[in-house]
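Inside the fold
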Amino acid sequence: MQSSAWAASAPASRCAALLQPLPHKLAPKPFTAVSNMYHFNPLTTVAPAPGAAAAMCSSLGSDTSLFMRPLPLSAASSPALWGQRVVCRSAATVAPPTQTAASAGTEVEYEAIIGIECHVQLLTRTKAFCSCPSEFGSQPNSNVCPVCLGHPGTLPVLNAEMVTLAVRAGLALGSEIARISKFDRKQYFYPDLPKGYQISQYDEPICTGGRLEVEVDGQLKSFGIIRAHLEEDAGKIVYAGADRLSGADYSLVDFNRAGVPLLEIVSAPDMRSGRDAAAYGEELRRVLRTCGVTDGNMAEGSMRVDVNVSVRPRGSTVFGTRVEIKNMNSFSNMQKAIDFEIDRQVSLLRAGRGSDIVQETRLWDEIKLVTNTMRKKEGLADYRYFPEPDLPPLNVSDEFIEQVKASMPELPAAKRARYLSLGLTRGDVAVLTDEIATSQLFDAVLALGTAVKPAANWIQGDIMAYCKEAKIGMDALAITPATLAEMVSLIENGTISGKIAKDILPDLLQGKGNKGVRAYIEKQGLLMISDEAAIGAMVDKVLEANQKQLQEFRAGKTKLQGYFEGQVMKESKGRVNPGLMKEILLRKLNGE
């Protein structure tokens, strides 16, 4: 095996941490000084003792750099390459220098660098490489077979639908669709991974590049997409005796999820706050749900996000030490976790404890609202990727991409623009486009000729409140778009009042008026009273029962008109025509 020399750009005054230990099979060798740079002699077989290494570090000048990057032997001996520095991600290089007297009064401003890895379960009926059902909530270990359990001699067969959904997601995100991509084996051991490896895509993913436009607190921002690749999910570990690993008596493994198709979408580190990240996640879910790629149910684990957070002095181009955060089951929790982690890292840096920020995975505790260490990461994991030998390269033709493109639905951004053109406010648009079922009902009602604003008000008002109370989505309602359109029309033409509509709406939402709203109202005896004589008789009855208030009104206390209107409405049980009633009431109040 060819030996290597090592290189890094850390000043010698901070290099001790970099030598404990080095991620290479060969230990550091004695040092040879070359001007102001040092390189390790790759041919020496005896490593210096730890004390000697520490002494060497302390003896170097503050402006000295150490090479600790793997270089081929042929390159390590070339002076021309000694000056090619690399940026070290060690926490020791992130800590701000000690403030001088000149800068003691100035506090360093920091900015966060945030990237998101989002795993979405694809909406296929079967798993990625076998015919087992891909569904949530089945009895543990009931949706398994020799293929997804990794039994010897079994072979995977690619689910074509997962390719279609991946291409659809890539088109929605503006990604480049690879005409040829491949699958790889990602080797690692964990109890929920029955094969001992995961079929994924490493260096040739199906989607690369792309952007997602997101409105964050009224400001439009653009976040980059690095890649999206296909892979299979692992199983699920269930902790008995507690809802998490801490405090559990023992663990159980459910392999129903093993082999479920996933699309992992990796964002660029373009986000700068927890709010940015939450808005990105919410819009990404909207886009993918609109396209039918995933149901995006975070509570069921069909959309899972891992967040990478680091901080650096504002204006710097060097990334700080990256910390990964897991265990966030909502975008609200994701925002809180990121904001906490930013504050934690900035506080450590300002306290001169930058070395305490290490590359690690932390878990979000939604009860204590803090992140806690899950595991340290001393370096990049060696997953020993190699091409999956049991699957051929994935070929996606131009014709196939065009077919998928032709089936693409209207994306959320285009839908919001269309709703705004109808005269709706941004607030109305945000509510109506947040859930697919909501916008589908709204569009169906509009297609029947219903006025825009009344339809929007009923859907995002009383109907949404009913759904929230019943804990259902609008797609679970029994009412038809035609029934809702007829109800709004009856209000508009004065056949029923808004109060009557509110009273009968729960019945209509349960499908009781789908044979005709007017017929249902007539059967219930709820048609609006528009007969002038009948209304006049009700007004006379109210005035007779409220002589004191009538005298006060005629003495100048005109605000009592609202009181009388309420009494007449009560007398009619909400069925009186409000416009006609007000006209008749005002005449009688004035003694006409």
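A few points on the structure. (Residues numbered from 1 in each chain as written. Predicted model: local features only at pLDDT ≥ 70, side-chain atom pairs only at ≥ 80, totals over all residues. Heavy atoms only, no water.)

**Thoughts on the nonpolar core**
For the record, the criterion: By nonpolar core we mean a set of buried residues, namely Ala, Val, Leu, Ile, Met, Phe, Trp, Tyr and Cys, connected to one another through side-chain atoms within 4.5 Å. Any residue under 20% of the maximum accessible area for its type is buried, any over 50% is exposed, and the rest in between are partly exposed; the area is computed with a 1.4 Å probe on protein chains only. Every helix listed is a DSSP run of H or I at least four residues long, and every strand listed is a run of E at least two residues long, numbered separately from the N terminus. Throughout, a residue-residue contact means that at least one pair of heavy atoms, one from each residue, lies within 4.5 Å.
Of all hydrophobic cores here, the largest spans 67 residues; its most connected members are Leu 230 and Met 334. It is helix H6 (residues 331-350) that provides the largest number of residues to this core, a total of eight residues. Each residue touching Leu 230, except ones within four places of it in the same chain, is listed here: Leu 122, Met 162, Val 163, Ala 166, Phe 183, Ser 200, Gln 201, Ile 206, Leu 262, Leu 263 and Leu 394. Membership of the second largest hydrophobic core comes to 33 residues, among which are Val 445, Ile 479, Ile 500 and Ile 504.

**Re the side chain of Asn 546**
Which entries qualify depends on this criterion: In the analysis that follows, any N or O atom pair within 3.5 Å is treated as a polar contact, provided that within protein one partner can donate a hydrogen and the other can accept it, and provided that, for residues neighboring in sequence, both atoms belong to side chains.
Among the secondary structure elements, Asn 546 is positioned in the loop between helix H15 (532-545) and helix H16 (547-554). Among the polar contacts listed, one links the side chain of Asn 546 to the backbone oxygen of Val 542, at a separation of 2.8 Å. When neighbours within four sequence positions are excluded, Asn 546 is seen to be in contact with Tyr 563 and Phe 564.

**With respect to the side chain of Glu 111**
Residue position: Glu 111 is located in strand E6 (residues 110-121). Judged by relative accessible area, which is 14%, Glu 111 ranks as buried. Residues in contact with Glu 111, not counting those within four places in the same chain, are Arg 272, Ser 310, Val 311, Arg 312, Arg 314, Gly 315 and Ser 316.

**Observations regarding the packing of aromatic side chains**
What counts here: Ring pairs shown here join Phe, Tyr and Trp side chains whose ring centres sit within 6.5 Å, with only the six-membered ring taken for Trp; geometry is labelled stacked below 30 degrees between planes, edge-to-face above 60, and tilted in between. When the NZ atom of lysine or the CZ atom of arginine is within 6 Å of a ring's centre and also within 35 degrees of its normal, the charge is said to sit over that ring.
In total, this model carries seven aromatic pairs according to the counting rule given. Between Tyr 202 and Tyr 385, the aromatic rings sit 3.9 Å apart at their centres with planes inclined by 5°, giving stacked as the arrangement. Highlighted residues: Tyr 202 in the loop between strand E10 (197-200) and strand E11 (207-208) and Tyr 385 in the loop between strand E20 (370-376) and strand E21 (386-387), separated in sequence by 183 residues. A centroid spacing of 5.5 Å and a plane angle of 70° characterise the contact between Tyr 563 and Phe 564, whose relative ring orientation is edge-to-face. Taken together, Tyr 188, Tyr 202, Tyr 383 and Tyr 385 form an aromatic cluster joined through their ring pairs. Positioned above the aromatic ring of Tyr 197, the side-chain terminus of Arg 185 is 4.1 Å from the ring centre.

**Quick word on the sheet that holds E10**
Where we set the bar: Strand pairing is assigned whenever DSSP detects at least two bridges linking the two strands.
If you trace the three strands from one edge of the open sheet to the other, you get E10-E9-E21, paired in antiparallel fashion. A single partner strand is all that each edge strand has here, and the edge strands are E10 and E21. As paired elements, strand E9 (residues 184-187) and E10 share four bridges and run antiparallel to each other. Of the residues in E10, the one forming a bridge with Asp 184 is Ser 200.

**Some points on unusual backbone geometry**
You will see that Asp 217, though not glycine, has its phi angle at about 50°, which is positive. Checked against the element boundaries, Asp 217 lands in the loop between strand E12 (211-216) and strand E13 (219-232). On the basis of relative accessible area, Asp 217 is assigned to the exposed category, the value being 64%. Within the chain, Arg 384 stands out as a residue other than glycine whose phi angle is a positive 50°. Judged by relative accessible area, which is 53%, Arg 384 ranks as exposed.

**Structural notes on the state of the cysteines**
What counts, and what does not: Any cysteine sulfur atom paired with another within 2.5 Å is treated as part of a disulfide.
Scanning all chains against the criterion turns up zero disulfides. Free cysteine Cys 130: the closest other cysteine sulfur is in Cys 145, separated by 3.8 Å.

**With respect to the packing of H15 against helix H18 (residues 578-589)**
Heads up, the condition is: With axes taken as lines fitted to C-alpha atoms, and helix axes fitted only over the stretch in contact, angles between N-to-C directions fall between 0 and 180 degrees. Convention used here: angles under 35 degrees read as roughly parallel, angles over 145 as roughly antiparallel, angles from 65 to 115 as roughly perpendicular, and any remaining angle as oblique. Crossing handedness is defined as follows: a turn of the near helix away from the far one that is anticlockwise and smaller than a right angle gives a left-handed crossing, while the clockwise case is right-handed. Each residue gets one label: Ala, Val, Leu, Ile, Met, Phe, Trp, Tyr, Cys and Pro are nonpolar, Asp, Glu, Lys and Arg are charged, and the others, such as Gly, are polar.
The contact between H15 and H18 brings their axes to 10 Å, and the two run at 50°. With respect to their mutual orientation, H15 and H18 come out oblique. Here H15 and H18 pass one another in a crossing that is right-handed. Residues Glu 532, Ile 535, Gly 536, Val 539, Asp 540 and Leu 543 of H15 pack against Leu 580, Met 581, Ile 584, Leu 585, Lys 588 and Leu 589 of H18. Its residues placed into classes, the contact of H15 with H18 shows eight nonpolar, one polar and three charged.

**Side note on H18**
For clarity, the cut-off: Helix span, expected: 1.5 Å multiplied by one less than the number of residues in the helix. In this description, one arc is meant: the one made by directions from the helix axis to the C-beta atoms.
Its 12 residues give H18 an end-to-end C-alpha distance of 16 Å, which sits within 8% of 16 Å, the value for a rise of 1.5 Å per residue. All of the buried residues along H18 are Leu 580, Met 581, Ile 584, Leu 585 and Leu 589. Angularly, the buried residues of H18 cover 160° about the axis, an arc narrow enough to put them on a single face. Here the buried face of H18 lies against H15, H16 and helix H17 (561-571).

**A look at the packing of helix H4 (residues 160-172) against helix H7 (residues 398-406)**
Viewed as axis vectors pointing N to C, H4 and H7 meet at an angle of 70°, and their least axial separation amounts to 10 Å. Taken together, the axes of H4 and H7 lie roughly perpendicular to each other. Crossing geometry of H4 relative to H7 is assigned as right-handed. Contact residues: Val 163, Thr 164, Val 167, Arg 168 and Leu 171 in H4; Phe 400, Ile 401, Val 404 and Lys 405 in H7. Here the contact of H4 with H7 is built from residues that sort into six nonpolar, one polar and two charged.

**A look at the environment of Ala 444**
Relative to the helices and strands, Ala 444 resides in helix H10 (residues 436-447). Look at Ala 444 and you get partly exposed, because its relative accessible area is 26%. Expressed as a C-alpha distance, the spacing of Ala 444 and Leu 484, which sit 40 residues apart in the sequence, is 9.8 Å.

**Concerning the pairing of E6**
In terms of burial, E6 is largely enclosed, as 11 of its 12 residues are buried. Both E6 and strand E17 (residues 303-313) contribute to a ladder of 11 bridges, which runs antiparallel. Residue pairing for E17: His 119 is matched across the bridge by Arg 304. Across five bridges, the pairing between E6 and strand E16 (residues 261-267) is antiparallel. Residue Cys 118 lies in a different strand from E16, and its bridge partner there is Ile 265.

**Regarding the pairing of strand E19 (residues 360-365)**
The test is simple: Viewed with both strands pointing away, a crossover whose connecting path from the first strand over the helix to the second turns clockwise is right-handed.
In terms of burial, E19 is a largely internal element, five of the six residues being buried. As paired elements, strand E18 (residues 323-326) and E19 share four bridges and run parallel to each other. From the neighbouring strand, Ile 325 faces E19, where its bridge partner is Arg 362. On the question of chirality, the crossover connecting E18 to the parallel E19 by way of H6 is left-handed. For E19 and E20, the ladder comprises six bridges, and the chain directions are antiparallel. In the strand pairing of E20, Thr 361 is matched with Arg 375. Counted between consecutive antiparallel strands, the loop separating E19 from E20 contains four residues, among which Leu 369 sits at a positive phi close to 60°.

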